[in-house]
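Take a look at the letters that make up each chain.
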Amino acid sequence: MASIQYNGIDAAIALILALIESNAEASTADLSRSTGIPRSSLHRIALALSACGVVERSRGRLRAGPLGEVLVAANAERVGRADHARIQRTLRRLKRVPLSQWPMLPATEPLSLSKLAVIPRKGRYRIGFSNASMDNPWRVALVHSVEYAAANLSEHIEWLLVRHADDDPERQAADIEALAEAGTDGLIVSALASPLVHQAIRKAAARGIAIVLVDRGVPPGVAHTSFVTSDDAAIGRMTALWLAEILKGKGSVLILPGLSGAEPAQRRLAAAQAVFQGFPAIHPLAVEWTGWRADRAYDIVSDAISKWGAQINGVWCDSGLQGVGSLKAFADAGYGQGQVPPHTGGDLNLAYKLAIRLHVRLAAVDYPPTMGMMAVEVLFSALRGHWVPRFVSVPSEVILTKGSATRSVKPNLWAEDHVRWDLPDDLILATGLGPAYNPRSFRTHYPGNLYNRSAAQGNIS
Amino acid sequence: MSVTGTTGVMAVGQILQCLTQESMVTVTELAQRCGIARSTAFDIVGRLEAAGLVERTAGGQVSVGPAAIAFGFARFGFARLHGPAEAVLMWLRDETCASAALVSGSGGEEKIILMAAADGRKSMSGETLSKAVRDASGKEMAHLRLTFPPGASRADRARAALHLQRAVDTLARYLNGREDS
């Protein structure tokens, strides 16, 4: 074997790394073999390191010494401080209901975790946000949530660049590539369902850019570090179950899901339809995609009222974004207070306002834009080399109008306490941006924006 | 192979010790505190950094690195849990609103290795629920403990137990080298 000079420092480091590999303890013979350090030299190194508590020696064996416990304690302090700071930034903004009151049982399979293979360069992080669309108030709230989180992490961020794809997959693919070219360390992506976008994400990930998906996922095989969303199946299931039960298991319902190409809408609809199938006397009159647009829902429901009138016993919407259109259609068709059939779908302040004004029984599980804030935090952790969950589900709440609880669906919050009469109709209620948040006057400062203007500005009417 | 002397070996230990007392110091400060030449300190820190035992910020401040934390976890026999444990504890705390801790040993010999405290609560007193993290042979290496806030209902605790089991199963995978890629 060729002779290799090992100075003491490298030998000490090699011994420490070997003890990690052996998970604390090994014989000097094994350590000598694994490190290539002669036993006599290993003995001298160990003697020196034991004086500092790095190793312990006994009867031909070496183990990690008491300094290991000090390192662990120091790490626990550091982690605790960082965690406390993170809680101040985020968890206080999340609404979490008592565990036993959340109707869905937790998953049981072990968590999947991920860690970046290559940690980006040192210094402040360059972050990009590629946003699929800005065509409704929820999208505005998502952008605000991301920007708010970036502002809280300003000292760690060199810039945040936000790009809106306006539902154009080619544009989103180009945005992702441009952000990658600009030197982004990490990307947050709310992805359009398109092979072009998936390919752009793959290429960015191949460059070592950390990818955190938010709101919408990607097919298996498209590399990403984490996916932050909320429980779409719960939204669909709980609202459908409520509607079926409030109708006492029989009646005809209009089903108005959101955007057909959007994964969250598909999941919610699938969960809702699975519930309705369990109630054979609940008859779906029609399933009409609304694009999460109030005007589209208005037209659909106006036609439905002309066709079916009083046969419509309930309306299932996965969000109040389109739900408000349905409520207005009933009101404009002459349905008075207490006459509009039960509806589902929240998120939007106006949905709650209309439901309360018209005395409509309503159930909703808001889809929280706080996921934008959480996505930034997950990305920040990943960029610092920490393990992160591959999937993060942001909590939500079941919201009912007063007196609307059913056998299986109880409220975590009454709509009458959730609504904000003092704030605009287009306010999304679960942003976590505080009680004074107003989408029309939202201002924020983070590295990369100008004059404290939000990147969502221009999309708020 | 041969090792030429143990010069600097003591300095390796001293630097790691020093970094447990002060989380962010410059190399010059390290040299002063350890009583070693500045050039030696730079040399050693460079090698420690390459091995992951220390980290340096862009501004040149030095702190304990991930490999050193893994070494600390190795002291307790679960080096592989360093990294995953932090992520799992944070997740468990976030899901259950209970404080979550990774604990080594038992009874009077217990040591809290890492903790994710429920908002505003530093104390680990309160009603608890623990489950063991076992190696492939079934030996208990550590346990995960939840400490519930006052007023947590039996139903909440029962639900939290499901999350706790999931966390334990996750850590057992990493402990036994069966993590997914």
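Located above this text is the structure these notes cover.
Values in this document were obtained by computation on a predicted structure and should not be read as measured data.

Student: I would appreciate a short explanation of the pairing of strand β9 (residues 210–214) of chain A in the present structure.
Tutor: Residues and elements named next belong to chain A. Of all five residues making up β9, five are buried, and the element is well covered by its neighbours. With four bridges connecting them, strand β8 (residues 186–190) and β9 associate as parallel partners. Looking across to β9, one finds that Val 189 is bridged to Leu 213. A crossover links β8 with its parallel partner β9, the connecting element being helix α7 (residues 195–206), and its sense is right-handed.

Student: What am I meant to see in the interface of chain B and chain A here?
Tutor: A common measure of how large an interface is: the accessible area buried when the components associate. Between chain B and chain A, the residue contacts involve 75 residues of the former and 77 residues of the latter. Taken together, the two surfaces of chain B and chain A that pack against each other cover about 6500 Å², and 63% of this comes from carbon and sulfur. Joining chain B to chain A, the criterion identifies seven salt bridges. The shortest N-O distance in the salt bridge between Glu 56 of chain A and Arg 75 of chain B comes to 3.0 Å. Viewed at the interface, chain A and chain B are joined by 14 residue pairs in polar contact (both at pLDDT 80 or more). Of all the secondary structure elements, the ones that give two or more residues to the side of chain B that touches chain A are β1 (2–4), α1 (9–21), α3 (38–50), α4 (66–75), α5 (84–96), β6 (111–116) and α6 (154–175) of chain B. Each residue belonging to the side of chain B that touches chain A can be placed in one class, and the counts come to 36 nonpolar, 21 polar and 18 charged.

Student: Would you mind showing me how to read the sheet that holds strand β4 (residues 61–64) of chain A here?
Tutor: Strand pairing within a sheet occurs via backbone hydrogen bonds; the two strands may be parallel or antiparallel. Residues and elements named next belong to chain A. Here we have three strands laid out as an open sheet, ordered β2-β4-β3, and antiparallel in their pairing. Since the sheet does not close on itself, it has two edges, and those belong to β2 (25–27) and β3 (55–58), each with one partner. On average, adjacent strands in this sheet sit at an angle of 20° to one another, irrespective of strand direction. The sheet contact formed by β2 and β4 spans three bridges and is antiparallel. Bridge assignment links Ser 27 to a residue of β4, and that residue is Arg 61. Here helix α1 (residues 8–21) sits on the sheet in contact with β2, β3 and β4, set at roughly 85° to β4. On top of the sheet, helix α3 (residues 39–51) reaches β3 and β4; it is set at about 125° to β3, its chief contact.

Student: I'm lost on unusual backbone geometry in this one. Help?
Tutor: Peptide bonds are trans in most cases, and residues, glycine excluded, mostly fall at negative phi. All names here are of chain A. One non-glycine residue, Trp 292, lies in the positive phi region at around 60°. Positive phi, close to 55°, is recorded for Tyr 451, a residue that is not glycine. Structurally, Tyr 451 is set in the segment after α14 (415–418). Overall, the relative accessible area of 67% leaves Tyr 451 in the exposed class.

Student: Looking at this model, I keep getting lost on the packing of α3 of chain A against α1 of chain B. Mind explaining?
Tutor: A pair of packed helices can be characterised by two numbers: the angle between their axes and the separation between those axes. Relative orientation of the contacting elements α3 of chain A and α1 of chain B amounts to 30°, with a least axis distance of 8 Å. One element, α3 of chain A, and the other, α1 of chain B, form an angle in the roughly parallel class. Here α3 of chain A runs over α1 of chain B; the crossing is right-handed. Contact residues: α3 of chain A offers Ile 45, Ala 48, Leu 49 and Ala 51 of chain A, while α1 of chain B offers Val 9, Met 10 and Gly 13 of chain B. A per-class count over the contact of α3 of chain A with α1 of chain B returns six nonpolar, one polar and no charged.

Student: Any chance you could explain the environment of Arg 268 of chain A here in plain terms?
Tutor: All names here are of chain A. Along the chain, Arg 268 turns up in helix α9 (residues 263–277). Look at Arg 268 and you get buried, because its relative accessible area is 2%. Arg 268 sits 34 residues away from Ala 234 along the chain, and the two C-alpha atoms are 7.6 Å apart. Not counting the four nearest positions on each side in its chain, Arg 268 is found in contact with Asp 232, Ile 235, Gly 236, Trp 292, Trp 316, Asp 318 and Tyr 367.

Student: Sorry if this is basic, but what is going on with the pattern of salt bridges here?
Tutor: Pairs may arise between side chains of opposite charge once their charged atoms sit close together. This model, assessed by the stated rule, comprises 34 salt bridges over all chains. In this structure, Arg 47 of chain B and Asp 10 of chain A form a salt bridge, with 2.8 Å as the shortest nitrogen-oxygen distance. Of this pair, Arg 47 of chain B sits in helix α3 while Asp 10 of chain A sits in helix α1, placing the two residues on different chains. For Arg 47 of chain B, a relative accessible area of 26% corresponds to the partly exposed category. Of the charged contacts, one joins Glu 56 of chain A and Arg 63 of chain A as a salt bridge, the two residues approaching to 3.2 Å between their closest N and O atoms. Classification of Glu 56 of chain A by relative accessible area gives partly exposed; the value is 29%. In this structure, a network of salt bridges that share partners links the residues Glu 56, Arg 63 and Glu 69 of chain A together with Arg 75 and Lys 111 of chain B.

Student: What exactly am I supposed to notice about the nonpolar core here?
Tutor: Across soluble globular proteins, nonpolar side chains have a tendency to be buried as a group. Judged by nonpolar contacts, the single largest core of 108 residues is most densely connected at Phe 129, Val 228, Leu 254, Phe 276 and Ile 312 of chain A. When residues of this core are assigned to their parent elements, the largest contribution, 10 residues, is made by helix α13 (residues 370–383) of chain A. Ignoring anything within four residues of it in the chain, the contact list for Phe 276 of chain A reads Ala 240, Leu 243, Val 253, Ile 255, Ile 282 and Trp 316 of chain A. Counting 90 residues, the second largest nonpolar core, distinct from the first, contains Ala 11 of chain A together with Leu 16, Leu 102 and Val 168 of chain B.

Student: In this structure, what is going on with the environment of Ala 174 of chain A? I would like to understand it.
Tutor: All names here are of chain A. Examined against the element boundaries, Ala 174 turns out to sit in helix α6 (residues 169–181). A relative accessible area of 42% places Ala 174 in the partly exposed class. Distance in space between the C-alpha atoms of Ala 174 and Val 222 is 17 Å, their sequence separation being 48 residues.

Student: Looking at this model, I keep getting lost on α7 of chain A. Mind explaining?
Tutor: Each full turn of the α-helix corresponds to 3.6 residues, which orients residues three or four apart in the same direction. All names here are of chain A. When the terminal C-alpha atoms of α7 are compared, their 16 Å separation across 12 residues agrees well with the 16 Å that a helix rising 1.5 Å per residue should span. Of the positions making up α7, those classed as buried are Val 197, His 198, Ala 200, Ile 201 and Ala 204. Relative to the axis of α7, the buried residues are bounded by an arc of 160° and lie together on one face. Turned more than 90 degrees away from the buried face of α7, the exposed residues are Pro 195 and Ala 206. A positive backbone phi angle near 90° is found at Gly 208, which sits one or two residues after α7.

Calculation rules
- Residues numbered from 1 in each chain as written.
- Chains lettered and ligands numbered in written order.
- Predicted model: local features only at pLDDT ≥ 70, side-chain atom pairs only at ≥ 80, totals over all residues.
- Heavy atoms only, no water.
- Buried < 20%, exposed > 50% of the residue type's maximum accessible area, 1.4 Å probe, protein only.
- Helix = DSSP H or I, 4+ residues; strand = E, 2+ residues; numbered from the N terminus.
- Pairing = 2+ DSSP bridges.
- Right-handed = clockwise from strand over helix to strand, strands pointing away.
- Contact = heavy atoms within 4.5 Å.
- Buried area = accessible area lost by both parts, 1.4 Å probe.
- Salt bridge = Lys/Arg side-chain N within 4 Å of Asp/Glu carboxyl O.
- Polar contact = N/O pair within 3.5 Å; in protein donor to acceptor, adjacent residues only side chain to side chain.
- Nonpolar A, V, L, I, M, F, W, Y, C, P; charged D, E, K, R; others polar.
- Axes fitted to C-alpha atoms, helices over the stretch in contact; angles between N-to-C directions.
- Parallel < 35°, antiparallel > 145°, perpendicular 65-115°, else oblique.
- Left-handed = near helix turned anticlockwise from the far one by under 90°.
- Core = buried A, V, L, I, M, F, W, Y, C linked by side-chain atoms within 4.5 Å.
- Expected span 1.5 Å × (residues − 1).
- Arc of directions from axis to C-beta.

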